[in-house]
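# Report on the structure
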Amino acid sequence: MNNNPATSRYSLLLVCLGIALIAQFRPIDDNDISWQIKLGQLMWERGDLIRHDPFTYTHAGDAVPTVGWLAQYLFYLCYSSGGWYLAHLLAIVLLVTGFITAGVLGCDRQDDTPPRSVVVGMTVALGYLAAATNLGMRPQLIALCCFALLLWIGWRRSITTWKLFGYALPLLLFWQNCHPSIITGAVALGPIMVWRWFDFMVLRKKGNDQSAWAEAHGSEKSDIRTGTIADRPKAPWILTILLLLIGLVQFATPEGGQIFAVSKINLIVSRDWLRAEEWLPAFDPAVAGRVPFFWVGLAVSLALIARLRRGITIEEYLLFGVMSALGLYAARFVVFWAVAMIPLWMRWLELAIPTHWFREIGPSWPAARWRWVLSGATILTLIIPPLTRAATVMSLFHRDLPLAGIAFLKEHVPAGRIYNYREYGGPLILEGYPQWQVAIDGRLYIFTREDWREYNRAARGEIPIAMLIEKHQPAAFFLRSTFDRQLIVLLKNEPDWYEAYRDEATVIFLPKTNRVLPSSTQNSPR
């Protein structure tokens, strides 16, 4: 069967427009993007990096690492230009670019038999569903996009050294200074580099034995781009240089070598001290139910491997193995796993599905018709979400964001220290800095073990209110009704404090010297 290459590309664009449409209906639900935007604003206004903590009263003036500063600039520039709508749109563009790049890698075949449109749609949709739970508006989307582009560069055997430096070096510098996770790219491509050197040094000696060479490469496939036996193994200098660049660029941030210490403490705090779900293994009971399509994708992959066996190349086995191991190690890596699996699924499904299934419509559709279809889909993608929000009063924000509580607090506590639930720190910083100083926020790496112990003990009601107030001198308590349940009980019994505000997620306590009428809303406007 000779599939139409243009049809595969057009189908990929159509599917990714569908993802862009769906993603616009996902409300903004990440609290940490708020303090990142505020850091971007401060850097923009001061013309320098922020090296001392400006936000908390618990660590005011302490030295803080400048992690992800470029992403903070980028999101702030969008926010300052077009508000939350433009910042949200940036996140969607990054998301879609990553999936388009992965899809192009799967469609980019050398034997003129790209995957059928249905195969393209199934694989990209499965990748998106597998990653969906970790695709909130956050700098990790920049890492996702850059990871896909790095895979596209790393798989190409024909790229020149000059193009490698022209494409890869700026990409890696941008990625590491937006989200210090380029080590993920090294994990994905490192085993492939080792295999290609083995291929060149050992199997090259069997060059005259075509059957042995073909067997080592999975039938007649040399890599994901399906080169033929005529493509004799070459020394993988380009991929080696790329891995060396990754190793060097890890230090190319304002933190230099200290970036490893920051990453380590962030991991320890997230996984060991707070047991943040995204850092737990995908099979942990607290996480397993949140990544169902990861398990579906893993099951599909194993079924295809069992079905195709020798039709799968060594490089594909390696990429599948290391990325699956990352996803199982921590749920946050599922997003990278999903992107890496899309080109593999495309080839595997194309081999596994009978050729007489899902015949292409492409040959009967001229390019002009596809352009009209894509233009119409693009227009609908851009106008449907705003019109829907206007017609249904649908909010851009998730209902758990404490926006109504913050509006109440701004009215009644114009300045002062706010003792807060950790995840509310970001919105409080964005809306109230410098008048408000928070106790804690999402920059997990700046707080000590003792800070976290006190924070958790206070939430469980294990610290007397008088002691907590004496230490923190807060102008208000801004709490989460579930996490801070026992602290709320103690505050209700405290004669000098009263519950001034409550909605379905947020509870605010004020001192009786700042007495206002209590506010209680179960469905606060957003």
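Below is a short write-up of the structure. All of these numbers come straight from a predicted model, not from anything done at the bench. (Residues numbered from 1 in each chain as written. Predicted model: local features only at pLDDT ≥ 70, side-chain atom pairs only at ≥ 80, totals over all residues. Heavy atoms only, no water.)

## Some points on the pairing of strand β5 (residues 506-511)
With 6 of 6 residues buried, β5 lies mostly within the body of the structure. Side chains T506, I508 and L510 of β5 all project onto a buried face; the interleaved residues V507, F509 and P511 project onto the opposite face, where all are buried too. Both strand β4 (residues 497-502) and β5 contribute to a ladder of 5 bridges, which runs antiparallel. Among the inter-strand pairings, R502 is bridged to a residue of β5, identified as V507. Following β4, the chain reverses through 3 residues before pairing antiparallel with β5. (Buried < 20%, exposed > 50% of the residue type's maximum accessible area, 1.4 Å probe, protein only. Helix = DSSP H or I, 4+ residues; strand = E, 2+ residues; numbered from the N terminus. Pairing = 2+ DSSP bridges.)

## So, the pattern of salt bridges
Counting across every chain of the model gives 20 salt bridges. For R116, the salt bridge goes to E350, with nearest N and O atoms at 3.0 Å. One end of the pair, R116, is in the loop between α3 (69-107) and α4 (117-131); the other, E350, is in helix α14 (residues 334-352), with 234 residues separating them in the sequence. Each of the two residues, R116 as well as E350, counts as buried. In this structure, the salt-bridge partner of R290 is E277, at a minimum N-O distance of 2.2 Å. Highlighted residues: R290 in the loop between α11 (285-288) and α12 (292-308) and E277 in the loop between α10 (259-273) and α11, separated in sequence by 13 residues. Among the residues examined, E277 registers a relative accessible area of 33% and is labelled partly exposed. Several salt bridges converge on common partners, so that one network encompasses D30, R138, E278 and R332. (Salt bridge = Lys/Arg side-chain N within 4 Å of Asp/Glu carboxyl O.)

## Looking at the pairing of strand β3 (residues 476-480)
The buried count for β3 comes to 5 of 5 residues, which makes it a mostly enclosed element. What you see with β3 is no split at all: A476, F478 and R480 on one side and F477 and L479 on the other are buried throughout. By the bridge criterion, 3 bridges tie strand β1 (residues 416-420) to β3 in an arrangement that is parallel. Bridging from a neighbouring strand, Y419 pairs with F477 of β3. Judged from the 4 bridges that link them, β3 and β5 form a sheet pairing that is antiparallel. The residue of β5 that forms the bridge with F478 is I508.

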